[in-house]
Amino acid sequence: MSYLNDYEVNATNIPLFNCSKVTIDLSSGVNKLPVPSFFIQICMEEIKRQAFIKEYAEGAGLELLVESLKLFEKINAGIRPAYIDKSRFANNLCVTTGASTAIIHLIEFLSIKCRNYKFFFIGYNYFLFFQTMKRYGLDYEIIVSKKKDSIAPSVEEIITRLNQENASVIIFITMPFNPSGEGYSKEEFATLVKYISNKGDSMLILDKCQVDEINNPPYEYIGRVIIEENLEERAVVLNSLSKTRSIAGLRIGYMYGNKEAVEYSILKAKYSYYCAPQIFIMSIVLDMVLRNMFIYNDSEGEKKMILIAYEKLIKKNTRLEFYLMSGRSMLKRMNDIYLSYIEEVRSNYKLIDSNYKYMEFKLKRWILEKTLRRGGLNCCIKLCGTSTLRQVEFCQEIADKLGVLIMPECYFNGSVIRQSEEPFWIRITLSIPGEQFCIGIDHLAQYLNRRDIVDFDKGFIE
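1. Quick notes on the overall build of the protein chain
Scanning the protein chain for helices and strands turns up 15 helices and 13 strands. In terms of C-alpha radius of gyration, the protein chain reaches 23 Å, essentially the compact-globule figure of 23 Å for 462 residues. Based on the C-alpha atoms only, the size of the protein chain along its principal axes is roughly 70 × 50 × 50 Å. Looking at the protein chain as a whole, 59% of its 462 residues are labelled buried. Here the contacts in the protein chain between residues at least 6 apart in sequence split such that 76% fall between residues at least 24 apart.

In structure tokens:
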């Protein structure tokens, strides 16, 4: 079976190390914080009624879910409920088996439609982007910041580099950034989108899998800016319904924007004979209702309009028994649990902030640089005495000696190991229960304290 190992390395082109001894995860990027109790309650109701799970979805996804997502994105983009039907924004949308499938379908489409374009990734990104780019032989470049405490380049740095390209380009950006947790203000993002809009037929690919509408900053301006700059048909937005909800195993993602790209993904799903999971649909829909309500938290009238819009949609797209499950009493039910739901979600992000501060305090002797968080689940740090050339070996030793997983920068920059003895970036995942996170950070601090980290080859010092 050795050929399978060769295939795995060639397919991913990622330096792999053995994680068999890992007991504490500080870096996988998975959200392991509690699932909101209301979400679980609706899941149980759905299972009891055996709703949805006895059906297959169409290629674009279950109609109720697709239409709810369109409504969700329109409201996020600032389109008031009274004008929803007149807006074309997010009308081209399909559900996928996780956001990973959306990434693969999209890049395969771009390899056909835009093969001669130059692709630019803004900052470090999820390794699957680079894996798929290499699979289809596409030409890409990563733009990173030259400033201290930053991986994400400034908008000025991006535009300076893109001005050197005469032809149209494809821009990939993640908001907030993964792995670094950085992000742009609305003004910065608007400047970048306006530039892309005016640069020939250039396209924007935006991954917002770590956007949480209840977190601060909520990044609700993403859709608004795309609309304001008339980039709807030259943008594709990717998102996940599981990352921010702590339900990674649910595997439901979606994409919207450019009509051809979305239709290509739907076609792939149809001819592959698979569809996104058909479970916990009502939980997801009602979760979107509450998040849309939060955007208009100060307007009772708008919140009521949002509830009416979703109630109408649910009644139209489900059988009577499913409608009665949540739709008939939606106005009262959502208002009753709204505040407690918001508080539960916020409590998770308070823990993320607490974990970040704990990491800063315990590792302050060794942290040379750290990224400025503007949302998301992760941040990045550089530790003194580490070497970019030996980053994989360092992380392997941490896994072997401590049972702690930390992931080096080569996982997020296309597997490039810079020829440098300078310290390298490490992703730290903050969405981990507090006790487990603190134990992992304590182990790392003790290790660094006991080890002559400047001379890596001396190994672990007892």
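2. Considerations on the sheet that holds strand β12 (residues 407-408)
Here we have four strands laid out as an open sheet, ordered β9-β10-β13-β12, and antiparallel in their pairing. Each having just a single partner strand, β9 (367-370) and β12 make up the two edges of the open sheet. In terms of strand pairing, β9 meets strand β10 (residues 378-383) through three bridges, oriented antiparallel. From the neighbouring strand, Ile367 faces β10, where its bridge partner is Leu383.

3. Section: the side chain of Arg427
Considering the arrangement of structural elements, one finds Arg427 in strand β13 (residues 425-429). Despite being buried, Arg427 has no salt bridge partner; Asp25 is the closest side chain of opposite charge, sitting 7.1 Å away.

4. Some words on the confidence of the model for the protein chain
Parts of the model with low pLDDT should not have their predicted coordinates read in detail. Per-residue pLDDT for the protein chain averages 87, and the proportion of residues at 70 or more is 90%. Between the elements of the protein chain, mean pLDDT differs from a low of 45, seen in helix α1 (residues 2-12), to a high of 98, seen in strand β6 (residues 203-207).

5. What about the packing of aromatic side chains?
Counted by the stated rule, this structure contains 17 aromatic pairs. Between Phe119 and Phe172, the aromatic rings sit 6.2 Å apart at their centres with planes inclined by 40°, giving tilted as the arrangement. Taken together, the residues span a long stretch of sequence, with Phe119 in strand β3 (residues 118-122) and Phe172 in strand β5 (residues 169-174) at a distance of 53 residues. The pair formed by Phe119 and Phe172 is uniform in burial state, with each residue classed as buried. The interplanar angle of 85° and the centroid separation of 5.7 Å between the aromatic rings of Phe121 and Tyr140 together place this pair among those described as edge-to-face.

6. Some remarks on the sheet that holds strand β4 (residues 140-143)
Across the sheet, which stays open at both edges, the seven strands sit in the order β2-β8-β7-β6-β5-β3-β4 with mixed pairing between neighbours. In the strand order of this sheet, the two ends are held by β2 (93-96) and β4, each with one partner. Strand-to-strand, the axes of this sheet are offset by a mean angle of 20°, without reference to chain direction. Bridge count for strand β7 (residues 235-240) against strand β8 (residues 253-257) is five bridges, and the pairing is antiparallel. Residue Asn239 lies in a different strand from β8, and its bridge partner there is Tyr254.

7. Section: the pattern of salt bridges
According to the stated counting rule, one finds 22 salt bridges in the structure shown. Glu260 is the partner of Lys113 in a salt bridge, and the nearest nitrogen-oxygen pair spans 3.2 Å. Of the two residues, Lys113 is situated in helix α4 (residues 98-113) and Glu260 in helix α9 (residues 259-272); the sequence distance between them amounts to 147 residues. Taking the relative accessible area as the measure of exposure, Lys113 reaches 46% and is therefore partly exposed. Exposure remark for Glu260: the relative accessible area of 41% places this residue in the partly exposed category. Across the pair Glu165 and Arg161 runs a salt bridge, and its minimum N-O distance is 3.0 Å. Arg161 gets classed as buried once you look at its relative accessible area, which sits at 16%. Put simply, Asp212, Glu213, Arg245, Asp287 and Arg291 are held in one network by salt bridges that share partners.

8. A word on the state of the cysteines
Using the criterion set out here, one finds zero disulfides in the structure. This cysteine, Cys410, is not joined by any disulfide, and Cys395 carries the nearest cysteine sulfur, 7.5 Å off. Not engaged in a disulfide, the cysteine Cys438 finds its nearest cysteine sulfur in Cys379; these two sulfurs lie 14 Å apart.

9. Considerations on the side chain of Ser283
Within the fold, Ser283 resides in helix α10 (residues 281-295). On the basis of relative accessibility, which here comes to 1%, the residue Ser283 falls in the buried class. Apart from the residues lying within four places of it in its own chain, the contact partners of Ser283 are Phe39, Ile42, Cys43 and Glu46.

10. What about the pairing of β10?
Burial of β10 is extensive: six of the six residues sit out of reach of the surface. Here β10 shows a buried face lined by Asn378, Cys380 and Lys382 and a second buried face lined by Cys379, Ile381 and Leu383. Bridge count for β10 against β13 is five bridges, and the pairing is antiparallel. Paired with Asn378 across the strands is Thr429, a residue of β13.

11. Points about empty space enclosed by the protein
Throughout the structure, instances matching the rule amount to five cavities of 30 Å³ or more. When contributions to the lining of the largest cavity are tallied by element, the ones reaching two or more residues are α3 (63-76) and α8 (221-228). For the lining of the largest cavity, the per-class residue count stands at six nonpolar, two polar and four charged. What the second largest cavity holds in volume is close to 60 Å³. What lines the second largest cavity is a set of 14 residues, and nearest its centre among them are Asn31, Thr244, Ser246, Asn348 and Tyr349. It is helix α13 (residues 330-362) that contributes the most residues to the lining of the second largest cavity, four residues altogether. Its residues placed into classes, the lining of the second largest cavity shows seven nonpolar, four polar and three charged.

Reading the values: the criteria
Residues numbered from 1 in each chain as written. Predicted model: local features only at pLDDT ≥ 70, side-chain atom pairs only at ≥ 80, totals over all residues. Heavy atoms only, no water. Helix = DSSP H or I, 4+ residues; strand = E, 2+ residues; numbered from the N terminus. Rg over C-alpha atoms; globule rule 2.2 N^0.38 Å. Buried < 20%, exposed > 50% of the residue type's maximum accessible area, 1.4 Å probe, protein only. Contact = heavy atoms within 4.5 Å. Pairing = 2+ DSSP bridges. Lys, Arg positive; Asp, Glu negative; His and termini not counted. Salt bridge = Lys/Arg side-chain N within 4 Å of Asp/Glu carboxyl O. pLDDT = per-residue confidence, 0-100. Phe/Tyr/Trp six-rings, centres within 6.5 Å; stacked < 30°, edge-to-face > 60°. Axes fitted to C-alpha atoms, helices over the stretch in contact; angles between N-to-C directions. Disulfide = S-S within 2.5 Å. 1 Å grid on protein atoms, 1.4 Å probe; cavity = no way out; pocket = protein on both sides within 12 Å on 5 of 7 lines; lining within 4 Å. Points joined across faces, edges and corners; volume = space filled by probe spheres on them. Nonpolar A, V, L, I, M, F, W, Y, C, P; charged D, E, K, R; others polar.

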